[in-house]
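Close look at the chain arrangement
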Amino acid sequence: MPFRTPLTNHHADHSLCPAHHKHTSSGKPLHPDCPGRAYTQAICSCGNWEMKQSSKGYVNESRKRHLATHTEGPKAVRDLLCLNGS
């Protein structure tokens with residue numbers, strides 16, 4: 001089962017900012033009913049990693065790096081056991 005690490009945006013009061021609330025790159029709201037994005041959070045379904053930062057880009061890059069560690073693990077095991085056909 002592949003791991004999932006979805007990004008979620010949140011308002012300053014910790015409520016979820018819906019996906020249809022668009023923002024500028026700095027988090028300023030473009031939707032009239034949105035107070036703005038205070039932080040972005042990502043939690044991995046593996047249960048061992050989460051991140052919460054004001055910079056959406058930084059959270060997204062860290063999320064990608066973490067997900068890459070899950071794909072490296074099984075490959076390393078296959079290489080150790082020589083099950084990869086080589």
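See the structure printed just above.
What you see is a predicted model; the values in this text were computed from it and never measured.

Procedures and definitions
- Residues numbered from 1 in each chain as written.
- Predicted model: local features only at pLDDT ≥ 70, side-chain atom pairs only at ≥ 80, totals over all residues.
- Heavy atoms only, no water.
- Pairing = 2+ DSSP bridges.
- Helix = DSSP H or I, 4+ residues; strand = E, 2+ residues; numbered from the N terminus.
- Disulfide = S-S within 2.5 Å.
- Buried < 20%, exposed > 50% of the residue type's maximum accessible area, 1.4 Å probe, protein only.

**Some remarks on the pairing of strand β1 (residues 7–10)**
Relative to strand β3 (residues 39–43), β1 is paired through four bridges, and the arrangement is antiparallel. Note that in β3 the partner of threonine 8 across the bridge is glutamine 41. Inspection of the sheet shows β1 paired to strand β2 (residues 16–17) by two bridges, in the antiparallel sense. Residue pairing for β2: histidine 10 is matched across the bridge by leucine 16. From the end of β1 to the start of β2, which pair antiparallel, there are five residues, and histidine 14 there has a positive phi angle of about 75°.

**Quick notes on the state of the cysteines**
The tally for this structure, following the rule as stated, stands at zero disulfides. With no disulfide of its own, cysteine 34 lies closest to cysteine 17 among cysteine sulfurs, the gap being 3.7 Å. In this structure cysteine 34 comes out as buried when scored by relative accessible area, which is 8%. Its sulfur unpaired, cysteine 44 is 3.5 Å from the next cysteine sulfur, which belongs to cysteine 46. Look at cysteine 44 and you get buried, because its relative accessible area is 3%.

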